[in-house]
Number of protein chains: 2
Amino acid sequence: MSDTLKNKKIVIIGLGLIGGSIARGLSSLQLAGEIVAVGRNEAVLQQAKNDGVISSFSTNIKDVAADADIVVIAVPSLTVENTLLELKSVVSENTVITDVASVKNAIVEAAVNVFGEVPENFVPGHPIAGSEHSGYSASTVELFQGKKVILTPMENTAADAVSLVTALWQVLGAEVINMPVDRHDEILAATSHLPHLLAFALVDTLSQQGESEEIFRYAAGGFRDFTRIASSDPQMWHDIFMANGEATVKALDSYMQDLERLRAAVLSKNSEELMTTFKRAKVSRDKFLELFENRSTE
Amino acid sequence: MSDTLKNKKIVIIGLGLIGGSIARGLSSLQLAGEIVAVGRNEAVLQQAKNDGVISSFSTNIKDVAADADIVVIAVPSLTVENTLLELKSVVSENTVITDVASVKNAIVEAAVNVFGEVPENFVPGHPIAGSEHSGYSASTVELFQGKKVILTPMENTAADAVSLVTALWQVLGAEVINMPVDRHDEILAATSHLPHLLAFALVDTLSQQGESEEIFRYAAGGFRDFTRIASSDPQMWHDIFMANGEATVKALDSYMQDLERLRAAVLSKNSEELMTTFKRAKVSRDKFLELFENRSTE
């Protein structure tokens, strides 16, 4: 598995939390031949070079991508299309391209817009790992350890390309799973995009109320954890909801139905319905936690 | 401050997370004369005695409460009225009574039902501290360190009684704040009861969907933290929503309006509204976190 990356030139476009963590992970393993970063902020790129995390850098994709073995696109979702457009003019089909965006239908559409169809050497991907903190300064060497990475290869995607991207994630400690594009967007809408929308909305609702400072003063640990994801990068989440709005609204509608039901149960003091719901939720959540903790310590 | 509790007999009714943590905190300080627990589960009470956390115990309030200086009622919200009824027949006005329920209007009503009016020696209280874990086994010696405790004394509440209850919480490391009953219920509905309802509902919605196991398999750290409070004690939260339903539904309605607005913004790809909302929420949440962390390390 580690031989697969030997002497390879890996170009990472976007050195934020995810791109930076890929670079840190790879450089710590000293497996790849060359790790090159492309970004807009030269100070950050220079910092990464000084940290020994990348071999070299550029602010221009065209200067460094032509002879890359793998290009990892780690920019906000809505910027992927432009990045693909720039890549189109320089890379050949010998370069494997992958991305890390949290939405996959929109990325496949972007690829079709740019190339006419999803190229055989493009493997859409999404590491389910992150943090409410963003940017290179938040990146860590072990971000992907024990985490899941979903790849959504198309019918025409080259098997070699999928193998190479799989190897890349596996050396970083991740478990790689393939699934259809729609299924990815549906699952992520339910488990990630919807909770982010709910958390952003709750903090926003409270902050718009009079004396919101006083309200926040009495909020405790439960509130802190519930709203942690509302400290996430607004740009990234703006892009995700612009790109995966349909699946998110579908999950939201099903959730709001459940909320309406609970609202009625609270108003009518329907003791049985409240108990049944809370017990069922606790069982499910405890089961999820068990699953999650076993996974993280594997 | 610590002198105030010297030689006092403190009776704690309900040795769960809160009652147990009060007993642990007090016994570790060796300030009180006597710490007596009342509960239903003799094995737990015996365990606490073996742990050196309480001086003695009983399963019957009437056997131990008569000569108490302070009685702390730490049972689920809807059980407080029955507890007050039992206390009524044994304690005099020389015993200060307080409670720890997360709802205060309902407790005041319970006191009126039992005594005809809220007795001068009863100080309604609520420590804003907890955990998704419950029971004596989850109790800790430092649960109230750096936390806030809200007391909602009435016009006729004896100043001496308020002082004594304040001293009790202060020796446990808490900051004590007085506020009106309605204000307490409003603030807690927004910062605690509503988030719990939302978290229970989300886990329940997802668990009711086909292939929910698969959905949970891809949920990550954001989901874990967002839903932590859905692992809370169903009985406790059932009681809270039964008791503070009106204020919670008011907060929920204001939240659902905000959700509807965001839903429309997502559907219409209203870029500006999404960015504005997420940025505003992130600023508020980061500000809350700063406040919270300063508070906890004081």
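Structure first, text after, so check above.
What you see is a predicted model; the values in this text were computed from it and never measured.

Considerations on the overall build of chain A
Check the secondary structure of chain A and you find twelve helices and nine strands. The C-alpha atoms of chain A give 21 Å as radius of gyration, which agrees with the globular expectation for 298 residues (19 Å, within 12%). Counting only C-alpha atoms and orienting by the principal axes, one finds that chain A spans roughly 65 × 40 × 35 Å. Within chain A, the fraction of its 298 residues that count as buried is 53%. In chain A, 76% of the contacts between residues at least 6 apart in sequence involve partners at least 24 apart.

Observations concerning the environment of Phe226 of chain B
Inspection of the secondary structure puts Phe226 of chain B in helix α9 (residues 221–226). In this structure the C-alpha to C-alpha distance between Phe226 of chain B and Leu202 of chain B, which are 24 residues apart in sequence, comes to 9.5 Å. Setting aside chain neighbours within four positions, we find Phe226 of chain B in contact with Pro195, Ala199, Phe226 and Ile229 of chain A together with Ala199 of chain B.

Things to note about the relation of the copies chain A and chain B
It takes a turn of 180° to lay chain A on chain B, together with a shift of 0.0 Å along the axis; the resulting RMSD is 0.0 Å. In the structure described here, the two chain copies are related by an operation that fits a two-fold rotation axis. For chain A, the smallest separation between a C-alpha atom and the rotation axis is recorded for Phe226 of chain A, amounting to 2.0 Å. When you check the interface residues of chain A against chain B, 100% turn up at the interface there too, and the contact is symmetric in its surfaces.

Quick word on the interface of chain A and chain B
With 71 residues of chain A in contact, the opposing surface of chain B contributes 71 residues. Elements with a minimum of two residues in the side of chain A that touches chain B: α7 (181–207), α8 (212–217), α9 (221–226), α10 (234–243), α11 (245–267) and α12 (271–296) of chain A. Ranked by residues supplied to the side of chain A that touches chain B, first place goes to α7 of chain A with 17 residues. Of the residues in the side of chain A that touches chain B, the class split is 42 nonpolar, 15 polar and 14 charged.

With respect to the packing of helix α4 (residues 80–88) of chain A against helix α5 (residues 105–115) of chain A
Residue and element names in this part refer to chain A. Two elements in contact, α4 and α5, have axes separated by 9 Å at closest approach and are oriented at 35°. The way α4 lies across α5 gives a crossing that is right-handed. Contact residues: Val80, Glu81, Leu84, Leu85 and Lys88 in α4; Ile107, Ala110, Ala111, Asn113, Val114 and Phe115 in α5. When its residues are assigned to classes, the contact of α4 with α5 shows eight nonpolar, one polar and two charged.

As for the environment of Val91 of chain B
Mapped onto the elements of the fold, Val91 of chain B is located in the loop between α4 (80–88) and β5 (96–99). With residues near it in sequence (within four places) discarded, Val91 of chain B still touches Ala65, Ala66, Ala68 and Val71 of chain B.

What counts as what
- Along each chain, the written sequence defines residue order, and numbers are assigned to residues from 1.
- Starting at A for chains and at 1 for ligands, labels are handed out in the order in which the entities are written.
- The predicted origin of the model limits local features to residues at a pLDDT of at least 70 and limits the giving and counting of side-chain atom pairs to 80 or more, whereas totals for whole chains, interfaces and linings rest on all residues.
- Working definition: helices are DSSP H or I runs of at least four residues, strands are E runs of at least two. Numbering for both runs from the N terminus.
- C-alpha atoms define the radius of gyration in this analysis, and the globule rule sets the expected value at 2.2 Å times the number of residues to the power 0.38.
- Any residue with 12 or fewer other C-beta atoms within 10 Å of its own C-beta is exposed, any with 20 or more is buried, and the rest are partly exposed; the C-beta atoms used are placed from the backbone.
- Residue pairs qualify as contacts under a 7 Å threshold applied to their C-beta atoms, which are placed from the backbone.
- Here the copies were fitted onto each other by least squares, based on C-alpha atoms from residues at pLDDT of at least 70 in both.
- For this classification, the nonpolar set comprises Ala, Val, Leu, Ile, Met, Phe, Trp, Tyr, Cys and Pro, the charged set comprises Asp, Glu, Lys and Arg, and every other residue, Gly included, is treated as polar.
- Axis definition: a line fitted to C-alpha atoms, limited for helices to the stretch in contact. Angles are taken between N-to-C directions and run from 0 to 180 degrees.
- We call a crossing left-handed when the near helix sits turned anticlockwise from the far one by less than a right angle, and right-handed when that turn is clockwise.

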